[in-house]
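Remarks on the overall topology
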Amino acid sequence: MTLLDKALNTELWMYFIVIIGGLLLYFLRNYLRSVIISFRLDGPTALPFIGNVMMILDKNLLTQHVGSGYKKYGSLVRVWVLFFPFFAIIDPHDLQTVLSSSKHTEKIFFYKLLHNFLGNGLITSTGERWSNHRKMIQTSFHTNILEKFLETFLSASDVLIEKLNVAPKELNITHFVNNCVMDILNEAVLGVPVRNKDKMVNMDDSPFREGKVLVPLRLTRPWLLLDWIYRLTDVAAAELNQKNRLNSFTRKMIKIRREGNNNNDRKCLIDYMLEVSQKNPNFTEADVVDEACTFMLAGQDSVGAAVAFCLHLLAQNEECQKKCYAEIEDILEGDYERPFTMPDIRRMRYLEQCIKETMRLYPSVPMIARKLGEVITVGSHKLPAGSNVLIFPYATHRIEKIYPNPEKFDPDRFATGGVESRHPYAYIPFSAGIRNCIGYKFALIEMKTIISQILRHYRLLPVNGKTKIQPVFRITLRATGGLWIRFESRR
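The notes below deal with the structure included here. Computed from a predicted structure; not experimentally measured. (Residues numbered from 1 in each chain as written. Predicted model: local features only at pLDDT ≥ 70, side-chain atom pairs only at ≥ 80, totals over all residues. Heavy atoms only, no water.)

Comments concerning the pairing of strand β1 (residues 76-81)
For β1, the tally of buried residues reaches six of six residues, placing the bulk of the element in the interior. Neither face of β1 is open: one carries Leu 76, Arg 78 and Trp 80, the other Val 77, Val 79 and Val 81, and all of them are buried. Across six bridges, the pairing between β1 and strand β2 (residues 84-89) is antiparallel. The residue of β2 that forms the bridge with Val 77 is Ala 88. In textbook terms, the turn of a hairpin is the stretch between consecutive antiparallel strands, and for β1 and β2 this stretch comprises two residues, one of which, Leu 82, has a positive phi near 60°. (Buried < 20%, exposed > 50% of the residue type's maximum accessible area, 1.4 Å probe, protein only. Helix = DSSP H or I, 4+ residues; strand = E, 2+ residues; numbered from the N terminus. Pairing = 2+ DSSP bridges.)

Things to note about the packing of helix α7 (residues 127-138) against helix α15 (residues 285-316)
The relative placement of two packed helices is expressed as an angle between their axes plus a distance between the axes. Relative orientation of the contacting elements α7 and α15 amounts to 80°, with a least axis distance of 12 Å. It follows that α7 is roughly perpendicular to α15 by the angle criterion. Touching Arg 129, His 133 and Ile 137 of α7 are Asp 287, Asp 290, Glu 291 and Phe 295, all from α15. Tallied by class, the residues present in the contact of α7 with α15 amount to two nonpolar, one polar and four charged. (Axes fitted to C-alpha atoms, helices over the stretch in contact; angles between N-to-C directions. Parallel < 35°, antiparallel > 145°, perpendicular 65-115°, else oblique. Contact = heavy atoms within 4.5 Å. Nonpolar A, V, L, I, M, F, W, Y, C, P; charged D, E, K, R; others polar.)

Description of unusual backbone geometry
Positive phi, normally seen in glycine, also occurs at Leu 82, with a value near 60°. If you trace the backbone, Leu 82 turns up in the loop between β1 and β2. The exposure class of Leu 82 is buried, given its relative accessible area of 16%.

Concerning the packing of aromatic side chains
Under the counting rule described, the total for this entry stands at eleven aromatic pairs. With a centroid separation of 5.3 Å and 50° between ring planes, the pair formed by Phe 141 and Phe 295 is classed as tilted. With Phe 141 in the loop between α7 and α8 (143-146) and Phe 295 in helix α15, this pair connects stretches of sequence that are 154 residues apart. Residue Phe 295 is classed as buried on the basis of its relative accessible area, which comes to 14%. Among the aromatic residues, those joined into a ring-pair cluster are Phe 149, Phe 153 and Phe 442. Lying across the ring of Trp 484, Lys 466 places its NZ or CZ 3.5 Å from the centre. (Phe/Tyr/Trp six-rings, centres within 6.5 Å; stacked < 30°, edge-to-face > 60°. Lys NZ or Arg CZ within 6 Å of the ring centre and 35° of its normal.)

Digging into the sheet that holds strand β11 (residues 484-489)
Taken together, the three strands give an open sheet; going across it, the order is β3-β11-β8, and neighbouring strands pair in antiparallel fashion. Of all the strands in the sheet, just β3 (170-172) and β8 (458-461) have a single pairing partner and so form its edges. Neighbour to neighbour, the strand axes of the sheet diverge by 40° on average, direction disregarded. Inspection of the sheet shows β3 paired to β11 by three bridges, in the antiparallel sense. Opposite Asn 172, over in β11, you have Trp 484 as the bridge partner.

Written out as structure tokens, the structure is:
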């Protein structure tokens, strides 16, 4: 080979390298822009290679990092997940830019890790599938339909009161509330009566309280993010088995509802979704299964945690509890035995303020995530399309210029006048905008019913040595050591 041939050969290789390099830069341009912006922002100290993922295991993550995020780092914070830059947006004005736009409805890869647990329902799905399902299911959450579930809420609350009557006077309320919420979901979603007198279904076989979210495990062991590796593990096999059990049990309930072989005349969400399926062939039985599993799993810890936190806070704030009970007395007008009605629930305005203030302090879902569909401006920074965005209600709800003395339990923040003066995206316990929680009205009626039923029977008192709340991030919010209350009968 002559020198000229060698030179030409070298030149061709250079052209090839330049072309490949150019293509890589083109396809990675948004990633590189995100990396450059990340180096200009403040954020928690990251470790080499793994970034900030190990913070998930820090029991003080919320109290020492997220809660003070705005004060420490400002309205835009950089977070590293392995080699990928994420942007935590805290200020309500910037949150509105993301949450109110149809351009930013896609969920980040994080939610794909929940597919085995939640299925491909409204929480984890994206794009046209999510949009179509949301429109089709929305009618099932109309106020007129939700009000029909009040009897279910009351029945489950009565069972809860019966259990509290024979329980120790000082107890961790979390377990009791979670069982009550589970009773509600069994009837409201699957159609299994709260008391299930005729045992049409053996709920001891229900898999809906046995699931375990494995996202933290996979994030803190990055090699498990690769599905082909994860599928080789025992935990993946157990998770898949659990998912199969959830699907089989739900299909069994669908069959029962279709055949009418049940002892419950109350319509459940499966009934409404089957009606949607009959009118829309694209909404298949598999879709009904996915959405039913989503409502069953997502509605447990979120509502259960909010109710338990609220009861615990009322036990420690006697004046607030007295106002709630005075409101109940005024509604009942001396007839303490009659059940609450929907007009009664609507009149519980101060109790609703207490619930909202509880969810400001302890939002059941402390983190939401989105992928940007186009460039947005946050402060002096332009975040490129494709950027991964984190939203922490726990942080936004503690911005002092919006909520003075943010750690104080003050239901008057949600009195008439106070709400109107705040930015609409300053309070986002159910997310906000286009992808807000479809069941938030259902949840609010449910919470008001359970708490008012307990307050009409019991005075709540703090338990010495167990008054401090230590919130911990576990996909949904939990309290380390539980939430303890002393119950004193009002009769």
